[in-house]
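Examining the three-dimensional arrangement
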Amino acid sequence: PSREGPSLRTNMAMASTAAMLVGGANQVGLLERINASPETLCANGEGSSEWKNEFGYLSPITGKSYDGSCSFFGGAPPLPEGLGWFLILGVGAGFAVITSVMVYFANTKSSAEEKDYNNSEHFSTAGRSIPAFLTAADVVSKWTWAATLLQSSNVAYTYGISGPFWYASGATIQILLFAVLAIEIKLKCPAIHTMLEVILARWGTKAHMVFLFFGLLTNLIVTSMLILGGAATVEALTGVPWAASSFLIPIGVVFYTAFGGLHGTYYASWTHTCIIYVALIIFIWTVYASSPELGSTAKVFANLNVAALKNPVEGNDADGSYLTMASGGGLMFGLMNIVGNFGTVFVDQSYWQGAIACRPNATYKGYMLGGMSWFAIPFSMATTLGLAGRALDLPITSSEAGAGLVPPAVATHLLGTGGSFLVALQLFLAVTSTANSEQLAVSSLFCYDVYKRYVNPDASGATLIFVSRCGILGWGIISGVASIVLNYLGISLGWMYMAMGILIGSAVAPIVMSLLWKGCTPNGAMGGAVGGLVCAIISWVVSAAGISGVVTVATLGGNWPLLIGNLFALITSPILAYCISAAEGFQDYEWKKMKKETGGYLVEADRMARLNPHGEESIEMMQIQLRRTWIVGGVMSVVLIIVWPLLTLPANPFTESYFTFWVALAFIWAHFAAFTTIVGPVLEYMEVYPFYNPTPDYEPSAKSNVSAAPAPANADGFYMPQPMMSMPMQQSMPMPMQMSSSMPMQQMSMPMQSM
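Residues numbered from 1 in each chain as written. Predicted model: local features only at pLDDT ≥ 70, side-chain atom pairs only at ≥ 80, totals over all residues. Heavy atoms only, no water.

**With respect to the overall build of the protein chain**
Just so we agree on the cut-off: The way it works is that DSSP assigns letters per residue, a run of H or I at least four long becomes a helix, a run of E at least two long becomes a strand, and they are numbered from the N terminus. When accessible area is computed with a 1.4 Å probe and restricted to protein chains, residues below 20% of their type maximum are described as buried, those above 50% as exposed, and intermediate ones as partly exposed. Contacts are assigned to residue pairs with any non-hydrogen atoms lying within 4.5 Å of each other. Surface exposure here means Shrake-Rupley accessible area, sampled with a 1.4 Å probe, where a residue is shielded only by the protein chains that are shown.
A tally of regular secondary structure across the protein chain gives 30 helices and zero strands. Across the 755 residues in the protein chain, those meeting the buried criterion constitute 62%. Counted over contacts in the protein chain with a minimum sequence separation of 6, partners at least 24 positions apart contribute 82%. Summed over its atoms, the accessible surface of the protein chain is roughly 25900 Å², and 68% of this surface lies on carbon and sulfur atoms.

**Observations regarding the packing of helix 7 (residues 162–188) against helix 26 (residues 619–648)**
Helix-helix packing is characterised by the crossing angle of the two axes and by the distance between the axes. Counted only if it meets this: Here an angle of 0 to 180 degrees is reported between the N-to-C directions of two axes, which are lines fitted to C-alpha atoms, with helices fitted over the stretch in contact. These descriptions rest on fixed angle ranges, namely under 35 degrees for roughly parallel, over 145 for roughly antiparallel, 65 to 115 for roughly perpendicular, and the rest for oblique. Here a crossing is taken to be left-handed if its near helix is turned anticlockwise relative to the far helix by less than a right angle, and right-handed if that turn runs clockwise. Ten residue types, Ala, Val, Leu, Ile, Met, Phe, Trp, Tyr, Cys and Pro, are classed as nonpolar, four, Asp, Glu, Lys and Arg, as charged, and the remainder, Gly among them, as polar.
The N-to-C vectors of helix 7 and helix 26 enclose an angle of 165 degrees; their axes lie 9 Å apart at closest approach. Accordingly, the angle class assigned to the pair helix 7 and helix 26 is roughly antiparallel. Between helix 7 and helix 26 lies a crossing whose hand is left-handed. For the contact of helix 7 with helix 26, the class distribution of residues is 18 nonpolar, seven polar and two charged.

**Examining a nonpolar patch on the surface**
How we decide: Two joining distances apply to patches: 9 Å for like charges and 5 Å for nonpolar side chains (Val, Leu, Ile, Met, Phe, Trp, Tyr), and every residue must have over 30% relative accessible area and no salt bridge. One speaks of a salt bridge when a side-chain nitrogen belonging to Lys or Arg is within 4 Å of a carboxyl oxygen belonging to Asp or Glu.
The grouping of Leu516, Trp630, Ile631, Val635, Val638, Val639, Ile642, Val643, Leu646, Leu647 and Leu649 at the surface amounts to a nonpolar patch, some 980 Å² of accessible area in total. On the secondary structure map, Val635 appears in helix 26. Residue Val635 is classed as partly exposed on the basis of its relative accessible area of 48%.

**Thoughts on the nonpolar core**
General note: in soluble globular proteins, nonpolar side chains tend to be found buried as a group. This is how it is decided: Only buried residues count toward a nonpolar core, which is a set of Ala, Val, Leu, Ile, Met, Phe, Trp, Tyr and Cys residues joined through side-chain atoms within 4.5 Å.
If you look at the biggest cluster of nonpolar residues, it comprises 177 residues, and the most contacted ones within it are Phe178, Phe211, Trp352, Tyr367 and Phe659. Top contributing element to this core by residue count: helix 7, with 16 residues. When residues no more than four places from it in sequence are discounted, the contact partners of Tyr367 are Thr135, Val139, Ile175, Leu176, Phe178, Ala179, Ala182, Tyr351, Gly354, Ala355 and Cys358. In terms of nonpolar packing, the next biggest core, distinct from the first, is built from twelve residues, Leu134, Val254, Ala357 and Leu440 among them.

**As for the side chain of Gln426**
Stated formally: Here a polar contact means two N or O atoms within 3.5 Å. Within protein one must be a hydrogen donor candidate and the other an acceptor candidate, and residues neighboring in sequence count only if both atoms are side-chain atoms.
Here Gln426 is to be found in helix 18 (residues 417–455). At a separation of 3.1 Å, a polar atom in the side chain of Gln426 contacts the main-chain carbonyl oxygen of Ile276.

**Focus on the confidence of the model for the protein chain**
Here is the rule: What pLDDT reports is the predictor's confidence in each residue, on a scale of 0 through 100.
Here the protein chain shows a mean pLDDT of 81. Residues at 70 or above account for 83%. Across residues 1–35 the pLDDT falls below 50, and counting only partners more than four positions away or on other chains, this stretch makes 44 contacts in the model. Taken together, the stretch residues 704–755 has pLDDT below 50 and engages in 114 contacts with residues farther than four places along the chain or on a different chain.

**A few points about the packing of aromatic side chains**
Put simply, the rule is: Pairing of aromatic rings covers Phe, Tyr and the six-membered ring of Trp, with a centre-to-centre limit of 6.5 Å; geometry is then stacked below 30 degrees between planes, edge-to-face above 60, and tilted otherwise. Here, over-ring charges are defined by two tests on the NZ atom of lysine or the CZ atom of arginine: distance to the ring centre within 6 Å, and angle to the ring normal within 35 degrees.
Under the definition given, this model contains 34 aromatic pairs. Aromatic pair Trp517 and Phe586: ring centres 5.8 Å apart, planes at 70 degrees, arrangement edge-to-face. A residue pair is termed long-range when its members are at least 10 positions apart, and Trp517 in the loop between helix 21 (508–516) and helix 22 (522–548) and Phe586 in the loop between helix 24 (559–583) and helix 25 (591–599) qualify at 69 residues. Looking at Trp517, the relative accessible area reads 25%, which means it is partly exposed. Measuring from centroid to centroid gives 5.6 Å for Tyr589 and Trp591, while their planes differ by 70 degrees, and the two rings are edge-to-face. Residue classification places Tyr589 among the buried residues on the basis of a relative accessible area of 6%. Across from the ring centre of Trp591, 3.8 Å away, lies the NZ or CZ of Lys188, which sits over that ring. Over the ring of Tyr601 we find Arg453; its NZ or CZ atom is 4.8 Å from the centre of that ring.

**Here we look at the pattern of salt bridges**
Pairing of side chains with opposite charge becomes possible as their charged atoms draw close. Applying the stated criterion across every chain yields a total of seven salt bridges. A salt bridge links Lys188 to Glu184, with the nearest nitrogen and oxygen atoms 3.2 Å apart. With Lys188 and Glu184 both in helix 7 and four residues apart, this pair spans about one turn of that helix. Assigned by exposure class, Lys188 and Glu184 land together as buried. Here Lys518 ties to Asp588 by a salt bridge, and the two come within 3.5 Å at their closest N and O atoms. Taken together, the residues span a long stretch of sequence, with Lys518 in the loop between helix 21 and helix 22 and Asp588 in the loop between helix 24 and helix 25 at a distance of 70 residues. For Asp588, a relative accessible area of 63% puts it in the exposed group. Put simply, Glu54, Lys310 and Asp393 are held in one network by salt bridges that share partners.

**Remarks on unusual backbone geometry**
Of note, the amide linkage connecting Asn652 to Pro653 takes the cis form, showing an omega dihedral of 0 degrees. When you line up the elements, Pro653 lands in the loop between helix 26 and helix 27 (656–685). Unusually for a residue other than glycine, Arg128 sits at a positive phi of about 50 degrees. When its relative accessible area of 0% is taken as the criterion, Arg128 is described as buried. The phi dihedral of Ala318 is positive, around 55 degrees, even though this residue is not glycine. Relative to the elements of secondary structure, Ala318 occurs in helix 12 (residues 317–320).

**Topic: helix 10 (residues 242–290)**
Side chains of residues three or four places apart in an α-helix project in the same direction, reflecting 3.6 residues per turn. The criterion, for reference: The span you would expect from a helix comes to 1.5 Å times its residue count less one. Bend at a given residue is defined as the angle between two axes, one fitted to the seven residues that end at that position and one fitted to the seven that begin there.
With 49 residues, helix 10 extends just 34 Å between its outermost C-alpha atoms, more than 12% less than the 72 Å of an ideal straight helix rising 1.5 Å per residue. Roughly 125 degrees is the biggest bend found in helix 10, and it falls at Gly261.

**Observations concerning helix 19 (residues 461–488)**
Taking 1.5 Å of rise per residue, 28 residues should cover 40 Å, and helix 19 covers 41 Å from first to last C-alpha, within 8% of that figure. Trailing helix 19 by a residue or two, Gly490 shows a phi angle of about 80 degrees, which is positive.

**Re the side chain of Ser443**
With respect to the helices and strands, the residue Ser443 is situated in helix 18. Relative accessible area serves as the criterion here: at 1%, Ser443 is assigned to the buried category. Every residue in contact with Ser443, bar those within four places of it in the chain, is listed here: Ser468, Gly471 and Ile472.

**What about the environment of Thr135?**
Following the sequence through the fold, Thr135 ends up in helix 5 (residues 132–143). We classify Thr135 as buried; its relative accessible area is 1%. For the pair formed by Thr135 and Gly370, sequence separation is 235 residues and the distance between their alpha carbons is 7.2 Å. Filtering out sequence-adjacent residues up to four positions away, Thr135 remains in contact with Ile130, Tyr266, Cys358, Gly366 and Tyr367.

**A few points about the environment of Gly315**
Positionally, Gly315 belongs in the loop between helix 11 (297–310) and helix 12. Residue classification places Gly315 among the partly exposed positions, given a relative accessible area of 47%. Considered as a pair, Gly315 and Ser327 are twelve residues apart in the sequence and their alpha carbons are 5.8 Å apart. When sequence neighbours within four positions are dropped, the list of residues in contact with Gly315 reads Ala326, Ser327 and Gly328.

Below, the structure is given as structure tokens:
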């Protein structure tokens, strides 16, 4: 058969003829053949099948027709195993060296006491000086999981154009709304290191322990999912055993994370994000401009119409079209995506750490730009590779699609082994860029909320850096073990992605209340989190048993049980928190008390650990930014999940011109996001207006003079208690922080703060 295959008219005629053949068993048999996937037509998944590629396309690997295939990969990876080992070890080591060098040169521009390896505050919070565009790149990096690249294309392959939209919009609004908490951190507790320090100051030790459980559980789920998806795809593409990848992927990240601290994760995020966007743009241009088999929106549109005749989508309007937003399955996925992803943002220490590390005036812009830039990755990626999988009619089995192998299959077909490697590289960098943030997040929780809180309250800055590095190494090993356990339990990437909201979603409302509602009591917060979890699990299991009659991993992964469990986690928690707080007469908490108490958590000098008395980083300006964030974030969230979907319903199904507009939007959005996260941080570092805003002059931190008496509460309520002013390290070592007021840190603004 020719590479162009039969025309649209020919294919439609073939499908229509099959549907109108004489009745009875013959008609049923033909319809089953048309709607069957490759594996259902294979004996025991082996040999050959009756499956046909409707367009006559050939495999670029074998040069033969796909007809008779039982699967796309067929158990034979398209890349040599040696290339997989090079990707994991060679590329991983290369980026570790690049990131470490970037951290080293950045430290040469810092004063001695503000170097990441000397100052625990800078190691864990990057000096609270990260600018807006680098913040946006970091948000994109840590929110780009293996699932972002793999599962987004799977839902496009499954539901059509509604899948990419619901994946992107359903996971963008959390970033936009988290910007509110990011600004509240600057206003109410700018000296914190972790989200649990807010819980401790607000509700005490018992609540601190409860939410420590939820925080660590969140990091465990996120990290395990990252490695699970990454290892499975590396094995499918190269043949490297998934168990080996599960350990080597996180271990490779340990070195530069332990060396550079939070600054190291930011530099890694930027370098990794650059390549992820470059690969995305290559795929867009290939599918919609240069491919000899597709190469235009018109050709993709025509082929998708044929695909709907061969494999109509159950629950989609327009006779199962892939070109409609009126999709029951797509909407169901969107609802689960929306409610499930709140936990992985609001309960994940890595996002709090990013908000803590921001310069105050970069918080609003960084999170808004980051959220809208991230939208382009699942939306544009899945609109490209996910739809192309259907438009090319590749023999992708349901198990391959469920494992997230639609993007590598399409890339392999379009670009050969180069496409396979590009997806593998893109995925590897997505996994490692998020893994380094998770490793540092967990090490911070262990360092400040376990070791310093309960083991060694008088720990010096140097000791805390050492403990953090041990935590990074330990978590790298634990995460590899956890991903292996999940795989042995038969839990896939897609299953874990949809179930995580049930397990951690109940902690969202109490954590938000810790900064936004002064009436929540300690018992209300704990009752909401724990009670919501219990309600979510019960509703999840009961609904699975009621619908399927049996409770298994497969039945728990059904759409309705997952949706019900996610909704119960998110909704029952605030109800319980309010009712318990009301029964106790509410708490009348004073926010000035939080600023005073969390100010005492500062260990070493950090002049950015409080707001400036004047200028755009003052309390007054941050309150203006807070109101702006509520308005912009709220409006954009409503547009993404309500207004935009409603506006698409009249186009049911999409016409060719409407589909062209849709693809053009994905195309433009991807290029805008790439510019924002790749070029923006560079121009910011080069101090090019308007990308760069000079750092205002800050007064020295109260920790700068270690021999001083306890600092009284100032206008901002910042207070340094006496025990922390007499730390052993500061008495025994002639550190530069003990110098006079002419020390360089107090005279100049650091170049690193203008990156």
